[in-house]
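A structural walkthrough
Below are the chains, spelled out letter by letter.
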Amino acid sequence: AHGSGDTVLGVLDIQMSLANTDAAMLRAERSSVGIGVLIALLLGTALAFIVHRAVHRPTRQLIRGTEALAAGELDVRIPVERKDELGQLADSFNRMAGSLEQAHDELRQWSDTLAERVRDKTQELAAIHKQMVQVEKTSSLGKMAATVAHELNNPLNNISLNTETLLD
């Protein structure tokens, strides 16, 4: 361990127990592992909280919104609090729900208008039917009157001819 030019004065031989040092190292190692596990748990908890807040909660809002929309609640909207993909998805959902609500309102208006027009046309047809029945009654009365007149004219014609013959 010494160079060739060094002079060795003596050798010191020390004997001491390393049990205390080994025990201290073991305690330090255990506390390091414990601190590491504690830090991992804290980081895991923080990460779970962040994921819950950043992903799970907005996703649940979207799911509840789509379920409500599917159930017919067309006025449901999801608050847009972010500018990321989930915020864009919520904004897109809100626009879709608005379009569906507008289309539903238009269909309802068309349905109401159509029902009103059908009601009006039904009343017109009923009035026309009533007129046609009246015309048929009048026509039948006219035919009956013509038949009665014809039946009366034949004997009267005979009487008139016979009267003229007698007068002649």
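First things first, this report covers the structure right here in the doc. Just so we're clear, the structure is a prediction, and the values are computed from it rather than from any experiment.

Reading the values: rules and limits
- Residues numbered from 1 in each chain as written.
- Predicted model: local features only at pLDDT ≥ 70, side-chain atom pairs only at ≥ 80, totals over all residues.
- Heavy atoms only, no water.
- Helix = DSSP H or I, 4+ residues; strand = E, 2+ residues; numbered from the N terminus.
- Rg over C-alpha atoms; globule rule 2.2 N^0.38 Å.
- Buried < 20%, exposed > 50% of the residue type's maximum accessible area, 1.4 Å probe, protein only.
- Contact = heavy atoms within 4.5 Å.
- Areas by Shrake-Rupley, 256 points an atom, 1.4 Å probe, with all protein chains shown as cover.
- Lys, Arg positive; Asp, Glu negative; His and termini not counted.
- Charge placed at Lys NZ, Arg CZ, Asp CG, Glu CD.
- Salt bridge = Lys/Arg side-chain N within 4 Å of Asp/Glu carboxyl O.
- Expected span 1.5 Å × (residues − 1).

Below, the discussion takes up the overall build of the protein. Along the backbone of the protein there are 2 helices and 0 strands. Its C-alpha atoms give the protein a radius of gyration of 54 Å, more than 25% over the compact-globule value 15 Å for 168 residues. On the principal axes, the C-alpha backbone points of the protein span a range of 195 × 30 × 25 Å. Expressed as a percentage of its 168 residues, the buried residues of the protein come to 8%. Partitioning the intrachain contacts of the protein with sequence separation of at least 6 by distance along the chain shows that 50% fall at a separation of at least 24. Counting only carbon and sulfur atoms, one obtains 61% of the accessible surface of the protein, whose full area is about 14,600 Å². Side chains of the protein give 17 positive and 22 negative charges; the mean places of these two sets differ by 5 Å.

Before going further, it helps to spend a moment on the pattern of salt bridges. According to the stated counting rule, one finds 4 salt bridges in the structure shown. Put simply, Asp-91 and Arg-95 hold a salt bridge, and the shortest N to O gap is 4.0 Å. Within this pair, Asp-91 and its partner Arg-95 are both found in helix α2 (residues 85-167), separated by 4 residues, close to a single helical turn. Here Asp-91 falls in the partly exposed class, since its relative accessible area comes to 34%. Among the residues examined, Arg-95 registers a relative accessible area of 52% and is labelled exposed.

Once that is clear, we can look at the environment of Lys-130. Turning to its location among the elements, Lys-130 is positioned in helix α2. Look at Lys-130 and you get exposed, because its relative accessible area is 65%. Sequence separation of Lys-130 and Arg-117 is 13 residues, and the distance between their C-alpha atoms is 20 Å.

Between its terminal C-alpha atoms α2 stretches 118 Å, which fits the 123 Å expected from 83 residues at 1.5 Å a residue. Residues Gly-87, Ala-90, Phe-93, Asn-94 and Ala-97 constitute the buried set of α2. For α2, the elements touching its buried residues are α1 (19-70).

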